[in-house]
Amino acid sequence: MDDQQQYHLISGREQDIRLESRVLEERLQEAVSNGHRRIKVEAFGQHGIGGRLWRAGNKPLHIKVVGHSGQRLGSMGFSGTRIENFGPASDDVGWLNAGAEIIVRGNASNGVANAMAQGRIYVAGDIGARGMTMTKQNPRFDPPELWVLGSAGDYFGEFMAGGIAVICGVEARTPGNVLGYRPLVGMVSGRVFFRGPHGGYSKSDARLMPITDADWQWLKENLARFLEAIGRTGLYEKLVEREHWQMISARGPGDKVVSKIRSISEFRRSVWNKELGEGGLVGDLTDMDMSPVPVVATGIFRSFVPVWENRFYTPPCQASCPTGIPVHERWRLVREGRMDEAVDMALSYTPFPASVCGYLCPNLCMESCTRNSANMPPVDITRLGKESIRAQPPDLPPAEGGKIAVIGGGPAGISVAWQLRMAGHEAVIFDMSEKLGGKMSSLIPEARIPADVLEAELERVRSVLPHVHLQQRLGKDDIEQLKADYDFVVMAAGTAKPRTLNVAGKGATIYANDFLAAARENRIDAGQKVAVIGAGNVGCDVAVEAARLGAKDITLIDVQKPASFGEERRMAEAIGAVFRWPCFVREITEQGVVLESGEVIEADTVVVSIGDIPDTDFLPGSVDLEKGFVKVNSYFQTSDPRVFAIGDIVKPGLLTDAIGAGRKAAEAINRQLQGGQPLEETGQVIDSSRITLEYFDPRITSFSGLDQCGANCASCGTCRDCGVCETICPQGAISRKQGSKEDYEYVSDPDLCIGCGFCAAACPCGVWAMRVNEPLE
């Protein structure tokens with residue numbers, strides 16, 4: 001070995017700890033980038049040493065490897081790289097070698113020169129199984145070469161497609177067979193020079209050829225270079241005895257030895273008809289047509305048939321929206337340039353398309369968007385939500401149906417009243433608050449919903465629902481009277497009573513709803529330090545409002561990991577609020593919150609935000625409760641068949657949960673008023689694997705406007721009328737049939753369709769499905 005001072009040393013060990021292969025390669029790459037061209041590597045089993053060093057450019061690169069190299073020594077090596085391994089080597093030496101010269105001063109294991117395309121590999125010993133397999137050669141470059149001093153293992157040269165191998169047979173571990181078991185199977189091109197006996201080879205793929213003078217001259221010259229590289233020049237005279245060498249070359253395409261293959265017609269005559277035809281096993285038992293079916297079958301002989309399942313499944317966005325808005329249909333209208341219709345459509349499902357979809361909703365539709373499965377951003381519904389501020393009130397039918405009393409003027413109550421009025425019924429709202437809108441109007445910070453947006457939507461509500469009675473506190477007798485005066489009563493009173501904290505000093509606290517209501521009117525001084533007990537989304541709203549009022553030090557504590565999420569959590573974190581858990585409160589003092597650990601969280605104001613419960617004192621005895629909440633069935637009917645309940649009085653949830661419950665209850669009431677029974681929503685969500693997202697640009701990380709949003713909606717389960725299926729069908733079996741007005745369908749001609757499934761695989765929306773054909777009788 002050369003003087004190690006001439007080489008840049010890289011050790012595979014650091015502080016007696018073996019480096020990962022990745023780290024060692026990074027250090028090799030860094031050394032080459034820094035200009036080192038003579039590198040010594042102390043290996044401790046690391047893989048891939050010496051490969052992929054293209055940063056050396058055209059300058060020669062010499063790498064010495066001492067110690068124990070791992071697998072893939074010199075894999076993907078580049079021209080100009082010389083790798084010397086001073087010892088034996090593990091599997092796959094020179095895998096995918098693209099020009100490097102690799103020298104192994106010892107034996108090499110399996111897979112030497114596997115898929116090699118250029119360069120040379122010199123092995124000063126034996127090699128294992130499957131050496132020189134699947135090689136390849138570009139005729140513009142010199143062929144890849146493998147030189148082995150000893151013998152080759154089993155399956156040598158399998159599927160060899162170019163290159164030259166030289167097996168010298170010196171000190172071979174299998175002196176009676178230097179080529180191993182079943183060599184050169186599937187050999188396509190290339191030559192193998194070998195010295196010594198062999199145990200056979202694939203004669204259908206290769207054959208022995210005489211060594212020409214030109215071949216011999218090439219072999220002698222390169223033998224000298226090989227022996228010099230491995231330090232065994234003393235063997236030269238022994239190895240240049242011509243009579244001991246043989247050469248195997250690949251057969252050409254016209255020279256391949258192939259066995260005769262029986263034709264289909266011959267098989268039918270000699271085997272099929274003999275066994276199954278007339279006089280055979282079943283020939284006298286059936287008169288079924290036994291004539292050959294075309295190789296590519298159509299009609300009843302297809303294994304699978306395409307079915308156009310347009311609008312058969314529910315898209316994930318609509319399925320995850322508690323309000324049930326068909327988001328994909330709104331984006332379809334945007335794509336078609338029908339923006340006003342896209343905006344107005346939401347009013348069929350919610351009276352608050354801008355306030356909720358644009359600002360307050362955590363956008364479950366975006367969380368479930370199929371685009372997420374391909375790491376692409378979901379289509380941004382908030383853009384369309386905010387645009388919905390200009391939605392026009394719907395045309396209303398005459399209020400000639402039933403009369404329904406709605407107790408509660410929050411999102412749930414307004415939703416059910418809105419839906420009932422659009423169905424032709426009269427809905428009257430009773431609420432004890434001073435203004436319509438419930439928590440949206442009185443508690444949610446304006447930082448989350450602009451006041452002008454909410455007021456515009458409430459004004460639209462008032463135009464549709466003129467019968468609203470505010471500041472009306474009702475008792476049990478009042479409810480009984482409403483039952484007598486109206487066809488149905490809907491309870492949507494929400495949760496008016498805060499959950500209490502059973503600790504000493506709780507009287508010094510303020511409940512979250514009281515704080516938020518006072519904060520909206522700027523009639524509370526929160527002080528500089530605020531502690532919030534309960535770190536849910538309401539607690540986050542308290543923190544944001546406290547910061548707006550001037551608080552500088554805001555801490556939210558919880559007994560468990562905070563349940564807050566979405567915009568509320570992000571806004572609280574943005575104002576610097578600190579979240580702590582698990583924290584258990586012992587008492588409240590003038591200094592602040594005393595924890596069970598004895599720690600005191602100093603606070604000028606302590607807000608309790610651990611949830612709310614309904615005030616059910618006004619409910620009649622005919623309405624059953626469950627754990628303090630009203631018990632309802634799947635369409636929100638209570639134990640009293642003329643009383644429905646929706647929103648937080650049934651179960652705490654999102655604004656969209658309350659709005660969606662209002663829509664479902666209204667549908668049930670409407671059907672009952674018409675003499676029918678409520679229907680269950682049974683739509684099945686489409687399997688995301690049916691959607692083809694390759695049509696969409698994965699480089700888009702955000703959307704510039706509504707048009708781009710609409711264009712990037714996959715329209716899961718609903719045909720986009722793109723015509724891809726019609727275009728891609730190899731048989732021209734699919735055609736578009738226009739129906740009345742906007743109705744259309746794509747149909748497949750069974751006489752042309754071969755059941756290949758191209759339509760289903762190519763459909764971006766997952767509308768086409770391949771179904772098993774009906775069995776033949």
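Residues numbered from 1 in each chain as written. Predicted model: local features only at pLDDT ≥ 70, side-chain atom pairs only at ≥ 80, totals over all residues. Heavy atoms only, no water.

Approximately 610 Å³ is the volume attributed to the second largest pocket. Surrounding the second largest pocket, 25 residues form its lining, C321, P322, R663, K664 and E681 being those nearest its centre. Mapped onto the lining of the second largest pocket, the elements with two or more residues apiece are α5 (316-320) and α18 (655-673). Here the lining of the second largest pocket gets 6 residues from one element, more than from any other, and that element is α18. Looking at side-chain class alone, the lining of the second largest pocket contains 11 nonpolar, 8 polar and 6 charged residues. (1 Å grid on protein atoms, 1.4 Å probe; cavity = no way out; pocket = protein on both sides within 12 Å on 5 of 7 lines; lining within 4 Å. Points joined across faces, edges and corners; volume = space filled by probe spheres on them. Helix = DSSP H or I, 4+ residues; strand = E, 2+ residues; numbered from the N terminus. Nonpolar A, V, L, I, M, F, W, Y, C, P; charged D, E, K, R; others polar.)

Turning next to the nonpolar core. Counting residues in hydrophobic clusters, the biggest one holds 62 residues, and the most contacted among them are W331, F352, I414, V416, V490, F644 and I646. No other element matches α18, which puts 7 residues into this core. Here I414 is in contact with P351, F352, G408, G409, I429, L436, G437, L458, V461 and L465, once residues within four sequence places are set aside. With 46 residues, the next largest nonpolar core counts I63, V104, V178 and A206 among its residues. (Core = buried A, V, L, I, M, F, W, Y, C linked by side-chain atoms within 4.5 Å. Buried < 20%, exposed > 50% of the residue type's maximum accessible area, 1.4 Å probe, protein only. Contact = heavy atoms within 4.5 Å.)

What follows is about the environment of D721. If you trace the backbone, D721 turns up in the loop between α19 (706-711) and α20 (724-728). Judged by its relative accessible area of 30%, D721 falls in the partly exposed class. Between the C-alpha atom of D721 and that of R736, which follows or precedes it by 15 residues, the distance is 8.9 Å. Dropping the residues within four chain positions of it, D721 is found in contact with R736, Y744 and Y746. Reaching out from D721, the side chain makes a polar contact with the side chain of R736 at a distance of 2.9 Å. (Polar contact = N/O pair within 3.5 Å; in protein donor to acceptor, adjacent residues only side chain to side chain.)

Another aspect to go through is the pattern of salt bridges. Per the counting criterion, the structure on display carries 42 salt bridges. E145 is the salt-bridge partner of R120, the closest N and O atoms lying 3.3 Å from each other. A residue pair is termed long-range when its members are at least 10 positions apart, and R120 in strand β8 (residues 118-123) and E145 in strand β9 (residues 145-148) qualify at 25 residues. Given the relative accessible area of 6%, E145 is considered buried. Measuring nitrogen to oxygen at the nearest pair gives 2.8 Å for the salt bridge that ties R771 to E309. In this pair, R771 sits in strand β34 (residues 768-772) while E309 sits in the loop between β14 (304-308) and α5, placing the two residues 462 residues apart along the sequence. Overlapping salt bridges, with partners in common, bring together R311, E329, R332, E336, R338, E341 and E742 in one network. (Salt bridge = Lys/Arg side-chain N within 4 Å of Asp/Glu carboxyl O.)

The next subject is the side chain of S75. By the secondary structure assignment, S75 is in the loop between β5 (61-68) and β6 (81-85). The class for S75 is buried, based on a relative accessible area of 5%. Setting aside residues no more than four positions away along its own chain, S75 makes contact with G48, G51, R52, G94 and W95.

Attention shifts here to the sheet that holds strand β17 (residues 468-469). One open sheet holds the 5 strands; their spatial order is β17-β16-β15-β18-β31, and the pairing between them is parallel. At either end of the open sheet lies a strand with only one pairing partner, and these are β17 and β31 (643-645). As paired elements, strand β18 (residues 488-491) and β31 share 3 bridges and run parallel to each other. Looking across to β31, one finds that M491 is bridged to A645. Against the sheet, helix α11 (residues 411-422) engages β15 (403-407), β16 (426-430) and β18, with an angle of about 165° to β16. (Pairing = 2+ DSSP bridges. Axes fitted to C-alpha atoms, helices over the stretch in contact; angles between N-to-C directions.)

Inspection of the secondary structure puts N177 in the loop between β10 (161-167) and β11 (189-195). Engagement of the side chain of N177 in a polar contact is seen with the backbone oxygen of G180, the distance being 3.1 Å. If near-sequence neighbours (up to four positions away) are discounted, N177 is found in contact with P197, H198 and G199.

On to the domain arrangement of the chain, then. When the parts come together, some accessible area is lost, and that loss is often what is quoted as the size of the interface. Domain boundaries assigned for the chain yield domain 1 (107-255), domain 2 (262-291), domain 3 (403-495 + 615-673) and domain 4 (500-613). Of note, the centres of domain 1 and domain 4, computed from C-alpha atoms alone, are 79 Å apart. (Domains from an automatic or database assignment.)

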